[in-house]
Amino acid sequence: MRDDHLLTAKQLSREDVEEVLDRAAEFDADPSAFGDRHEDAILGLCFFEPSTRTKMSFETAIKRLGGDSVDMGTVESSSVKKGESLADTARVIAGYADALVLRHPSQGAAKMVGEFVDVPLLNAGDGAGHHPTQTLLDLYTIRENAGLDDITIGIMGDLKYGRTVHSLAHALTNFDADQHFISPESLKLPRSVRYDLHEEGANVREHTELDEILPALDVLYVTRIQRERFPDENEYQEIAGEYGIDLETLEPAKEDLTVMHPLPRVDEIAPEVDDTDYATYFEQAHNGVPVRMALLDQMLEADR
Amino acid sequence: MSDHQLRVSKIPRGTVIDHIRAGQALNVLAILGIDGLGGETVSIGMNVPSDRMGHKDIVKVEGRELSQDEVDVLSLIAPEATINIIREYEVVEKQYLERPERVVGVLSCPNHNCITNADEPVETKFEVLDDGVRCEYCETIVREDIAAHIAVE
């Protein structure tokens, strides 16, 4: 397998992260100034699951760099519908493109595809596994708002299936960050993530109630509790309300708390929070473009 | 020869797997893909008294020597086992098991959403941890009852 695929956030050292974020800051300052950077570069988009932000931000990023994208379209309109394997689909599209972006519902899909393709591959989400490019834009947002060292971060919601959470937790082990995980018992971090955090010697604590830790937080990263995971609708309703935030919930928080969310949200963050200084989730989503520009620039440059 | 070994008669050629943790003999057969339909003659001793282990299981398989892959996986569920290769009724080779760093193509991943359980051209790969195994694709950690995940053909 090539060593320039980005499959998990575990691959990223502190230096790797800082290099991408510094470059992203250059693109962020003037995104339209790099239109001749990768003329003729083609990015292959393989999205086997619905996606709005991730897909459109990759498309925007490659266009801002002067390149273009080819898109396999929906699963229903592709050869996958005819029974073609993921390995074959990816190999074919890799023949058209200079780099690939993959989102797939199965965990480990990106690792497998990485064994079959000859162009750099970016994992844009593999089931409940990893989402490393989301993590880089999360880190960029955290750095801009709170810094990446000497921070206390709370990560709340569906920690079991939340791939953005898994990747972020791994990446934060590179920094001096106290990590607090807040979730119902049934949606705690999976064993494999806890194993890695323990191996990394990360400073980690788990909670079931936000108010146990909220006043100490510099960053609160909220994720959607996924209704579809609950066998019993009543059980979901009981939990979902407890893991949402509004202005009243945030009263004990620090004034400069940064509230993040990978989006889409449903009812985890009340709209009344949007107009406060806490709200950073739309800025976070916008950061997807400069961060993905930086990643693509790095990968395409290295592959020349 | 000890009384314990005399419980089952000597075999002319094949493999004797001795010092299997008591209760694991049937899982050892599962690893070897032996279900009685392949024609091999198999003798099993279960809960045999053992000076070293208290009780142990023994499996004797006539006419078959184990591959390295089989030995590797065997080490996950029967780490104390010794493997005796028999030719002409004599032990010609005695192997002690060493835990491998990884096992390939032998265990199936219990995570139904793992790509190795989709219809893709990929073999399972598991990293061997101190107290279990970990899927190299979806990262699921299996600690309990590893034998239940042996992918028997």
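Computed from a predicted model, the values in this text were never measured in an experiment.

### A few points about a nonpolar patch on the surface
Then, number 1: Residues A:Val70, A:Val92 and A:Tyr96 make up a contiguous nonpolar surface patch of about 280 Å² in total accessible area.
Then, number 2: Here A:Tyr96 shows up in the loop between α3 (86–94) and β3 (99–104).

### Quick word on unusual backbone geometry
Then, number 1: Cis peptide bonds are those with omega within 30 degrees of zero, and the linkage from A:Leu263 to A:Pro264 qualifies with 5°.
Then, number 2: Along the chain, A:Pro264 turns up in the loop between β9 (258–260) and α9 (281–286).
Then, number 3: Even without being glycine, B:Glu88 reaches a positive phi, approximately 50°.
Then, number 4: Tracing the backbone shows B:Glu88 in the loop between β4 (82–87) and β5 (90–96).

### Description of the sheet that holds β5(B)
All names here are of chain B.
Then, number 1: Spatial ordering of the open sheet is given by β2-β3-β1-β4-β5, a layout of five strands whose pairing is antiparallel. The open sheet terminates on both sides in strands that have one partner only, identified here as β2 (42–50) and β5. For this sheet, the mean inter-axis angle between neighbouring strands, taken without regard to orientation, is 20°.
Then, number 2: In this sheet, β4 lies alongside strand β1 (residues 13–21) in antiparallel orientation, the contact comprising six bridges. Considered in β4, the bridge of Val16 is made with Asn84.
Then, number 3: Sitting on the sheet, helix α2 (residues 25–32) is in contact with β1, β2 and β3 (54–62), with an inclination near 145° to β2.

### Here we look at the pairing of β2(B)
Residue and element names in this part refer to chain B.
Then, number 1: Across seven bridges, β2 lies against β3 in antiparallel orientation. Bridge pairing in β3 places Ser43 opposite Lys60.
Then, number 2: The antiparallel hairpin formed by β2 and β3 contains three residues in its connecting segment.

### Observations concerning the domain arrangement of chain A
All names here are of chain A.
Then, number 1: On domain assignment, one finds that chain A holds domain 1 (9–130 + 288–302) and domain 2 (133–284).
Then, number 2: Contact with domain 1, which involves 30 residues of that partner, is made by 23 residues of domain 2.
Then, number 3: The junction of domain 1 with domain 2 conceals about 2200 Å² of combined surface from both sides, 57% of it contributed by carbon and sulfur atoms.
Then, number 4: The largest share of the area that domain 1 buries against domain 2 comes from Arg14, Leu21 and Arg53, three residues that together contribute 25% of it.
Then, number 5: Residue Arg163 pairs with Glu49 through a salt bridge whose shortest N-O separation is 3.3 Å.
Then, number 6: Where the side of domain 1 that touches domain 2 is concerned, the elements lending two or more residues are α1 (14–29), α2 (53–64), β3, β4 (121–126) and α10 (288–302).
Then, number 7: In terms of residues, the side of domain 1 that touches domain 2 owes the most to one element, α1, which gives nine residues.
Then, number 8: Of the residues belonging to the side of domain 1 that touches domain 2, the class tally is twelve nonpolar, eight polar and ten charged.

### A look at the confidence of the model for chain B
Residues and elements named next belong to chain B.
Then, number 1: On average, residues of chain B score 87 in pLDDT, and 93% of them reach the 70 mark or higher.
Then, number 2: Of all secondary-structure elements in chain B, the lowest mean pLDDT belongs to helix α1 (residues 3–6), at 49, while strand β9 (residues 141–142) reaches the highest, 96.
Then, number 3: Here the predicted complex scores 0.89 on pTM and 0.93 on ipTM.

### A short note on the pairing of β3(A)
All names here are of chain A.
Then, number 1: Of all six residues in β3, six are buried; the element is thus mostly enclosed.
Then, number 2: Here strand β1 (residues 42–47) pairs with β3 via five bridges, running parallel. Bridging across to β3, Leu43 finds its partner in Ala99.
Then, number 3: With four bridges connecting them, β3 and β4 associate as parallel partners. Across the sheet, residue Leu100 finds its bridge partner in β4, namely Leu121.
Then, number 4: Taking the sense of rotation as the criterion, the β-α-β connection linking β3, helix α4 (residues 109–114) and β4 turns out right-handed.

Cut-offs and rules
- Residues numbered from 1 in each chain as written.
- Chains lettered and ligands numbered in written order.
- Predicted model: local features only at pLDDT ≥ 70, side-chain atom pairs only at ≥ 80, totals over all residues.
- Heavy atoms only, no water.
- Patch = residues over 30% accessible without salt bridge, like charges linked within 9 Å, V, L, I, M, F, W, Y side chains within 5 Å.
- Areas by Shrake-Rupley, 256 points an atom, 1.4 Å probe, with all protein chains shown as cover.
- Salt bridge = Lys/Arg side-chain N within 4 Å of Asp/Glu carboxyl O.
- Helix = DSSP H or I, 4+ residues; strand = E, 2+ residues; numbered from the N terminus.
- Pairing = 2+ DSSP bridges.
- Axes fitted to C-alpha atoms, helices over the stretch in contact; angles between N-to-C directions.
- Contact = heavy atoms within 4.5 Å.
- Domains from an automatic or database assignment.
- Buried area = accessible area lost by both parts, 1.4 Å probe.
- Nonpolar A, V, L, I, M, F, W, Y, C, P; charged D, E, K, R; others polar.
- pLDDT = per-residue confidence, 0-100.
- Buried < 20%, exposed > 50% of the residue type's maximum accessible area, 1.4 Å probe, protein only.
- Right-handed = clockwise from strand over helix to strand, strands pointing away.

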